[in-house]
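# Analysis of the macromolecular model
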Amino acid sequence: MKVLIATDKPFAKVAVDGIRKEIEAAGYELALLEKYTEKAQLLDAVKDANAIIIRSDIIDAEVLDAAKELKIVVRAGAGYDNVDLAAATAHGVCVMNTPGQNSNAVAELVFGLLVYAVRNFYNGTSGTELMGKKLGIHAYGNVGRNVARVAKGFGMEIYAYDAFCPKEVIEKDGVKAVDSAEELYKTCNVVSLHIPATAETKNSINYALLKDMPKGAILVNTARKEVINEDELIQLMEDRPDFKYITDIMPAANAKFTELFAGRYFSTPKKMGAQTAEANINAGIAAAQQIVGFLKDGCEKFRVNK
Ligand code: 3PG
């Protein structure tokens, strides 16, 4: 059996070593395709792979067509919007993610971005503090929970909205559960996005939702760029010079944001919420173990396609 790690954005070496150990202990072979620049390289590498570990790498019908021996794809991470699930199902390929394994890393980056923003991007001028501010967590999954945990240390007042998580579950963590996204945005000085990119959420963070945020509002996006309606966010930031947007997923209109909103817009050059050795190890090794469990014992825990 051949397991391929195909990562445009490579794991830390220590994580690759850990994955290799798991795969070789199971008697399988590990192949590595990192930092590929052309899709053709991926199409070539998947030809004889029985299993693939990916991150945000795109697995579409063309890749699945090329991967004639493929049985399983594991997205080492949470969001699997980069995998064509219907095509995978049609090809008889199991798709899994590794929920929770990289969530602390993403949550920590939220605060890295936030401190940077409230201290005016470290330009030497007087900024503000997070203590006592109202933080809204939009979607209370694994990352959202970790954000709440860290926010307590900062002394923030924490609110959350999650259409799929019962209010009692949120409130058990000492977080105030609100009834709607509208209420969350109206209430909170800072909103941190943790919604997945789905047909329902794409473009859902729009002018109407953001316009009622309190003065000096900050939107932090470590989720997906697709959930933002970029044109409307640009309009809103033009209308509201007090509004800041910070993200680790560069918007399509990055050049425009940079030009128009100097001092209140920041994006990392690459998506890097989960880019820590620990997250790479946790998610990478979980992916390797899930592959071994699936290939050896047919274990389908964490399968996300039918
Ligand atoms: C995830 O969905 O797990 C995060 O967005 C991290 O993605 P990455 O592995 O591409 O950094």
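Residues numbered from 1 in each chain as written. Predicted model: local features only at pLDDT ≥ 70, side-chain atom pairs only at ≥ 80, totals over all residues. Heavy atoms only, no water.

An unreviewed UniProt entry annotates the chain as S-adenosyl-L-homocysteine hydrolase NAD binding domain-containing protein of Bacteroides nordii CL02T12C05. Recorded in UniProt under Sequence similarities (unreviewed entry), the annotation for the chain is "Belongs to the D-isomer specific 2-hydroxyacid dehydrogenase family." (UniProt positions renumbered as here; feature names shortened; annotations may be inferred.)

### Here we look at the overall build of the chain
Helix and strand content of the chain: twelve helices and twelve strands. A compact globule built from 306 residues would reach a C-alpha radius of gyration of about 19 Å, and the chain, at 20 Å, matches this within 12%. Along the first, second and third principal axes, the C-alpha set of the chain runs to 55 × 45 × 35 Å. The burial tally for the chain puts 52% of its 306 residues in the buried class. Summarising the internal contacts of the chain: among those between residues at least 6 apart in sequence, 63% fall at separations of at least 24. A total accessible area of about 13,700 Å² is found for the chain, and carbon and sulfur atoms account for 52% of it. (Helix = DSSP H or I, 4+ residues; strand = E, 2+ residues; numbered from the N terminus. Rg over C-alpha atoms; globule rule 2.2 N^0.38 Å. Buried < 20%, exposed > 50% of the residue type's maximum accessible area, 1.4 Å probe, protein only. Contact = heavy atoms within 4.5 Å. Areas by Shrake-Rupley, 256 points an atom, 1.4 Å probe, with all protein chains shown as cover.)

### Looking at the site of the ligand
With respect to spatial proximity, the complete set of residues near the ligand consists of Lys9, Arg55, Ser56, Arg75, Gly77, Ala78, Gly79, Asn102, Arg224, Lys271 and Ala274. Here an oxygen atom of the ligand sits 2.7 Å away from a polar atom, N or O, in the side chain of Lys9. Coverage of the ligand by the protein amounts to 95% of the 320 Å² it exposes when considered alone. Of the pockets mapped on this structure, the ligand occupies the largest pocket. Grouping the amino acids of the shell around the ligand by side-chain chemistry returns two nonpolar, four polar and five charged. (Near = heavy atom within 4 Å. Polar contact = N/O pair within 3.5 Å; in protein donor to acceptor, adjacent residues only side chain to side chain. 1 Å grid on protein atoms, 1.4 Å probe; cavity = no way out; pocket = protein on both sides within 12 Å on 5 of 7 lines; lining within 4 Å. Sits in = over half its atoms within 2 Å of the grid points. Nonpolar A, V, L, I, M, F, W, Y, C, P; charged D, E, K, R; others polar.)

### Topic: the sheet that holds strand E12 (residues 265-267)
Spatially, the seven strands line up as an open sheet ordered E8-E7-E6-E9-E10-E11-E12, and their pairing is parallel. Edge strands, defined here as strands with exactly one partner in the open sheet, are strand E8 (176-177) and E12. Judged from the four bridges that link them, strand E9 (residues 190-193) and strand E10 (residues 218-221) form a sheet pairing that is parallel. Paired with Val191 across the bridge in E10 is Leu219. Along the sheet face, helix H6 (residues 142-154) touches strand E6 (134-138) and strand E7 (157-161) and points at about 170° away from the line of E6. (Pairing = 2+ DSSP bridges. Axes fitted to C-alpha atoms, helices over the stretch in contact; angles between N-to-C directions.)

### Side note on the pairing of strand E3 (residues 51-54)
Neither face of E3 is left uncovered, since the one carrying Ala51 and Ile53 and the one carrying Ile52 and Ile54 both have all their residues buried. The pairing of strand E1 (residues 2-7) with E3 spans four bridges and is classified as parallel. Note that in E3 the partner of Val3 across the bridge is Ala51. Relative to strand E4 (residues 72-75), E3 runs parallel, the two sharing four bridges. In the strand pairing of E4, Ile52 is matched with Val73. For the segment spanning E3, helix H3 (residues 61-66) and E4, crossover handedness is right-handed. (Right-handed = clockwise from strand over helix to strand, strands pointing away.)

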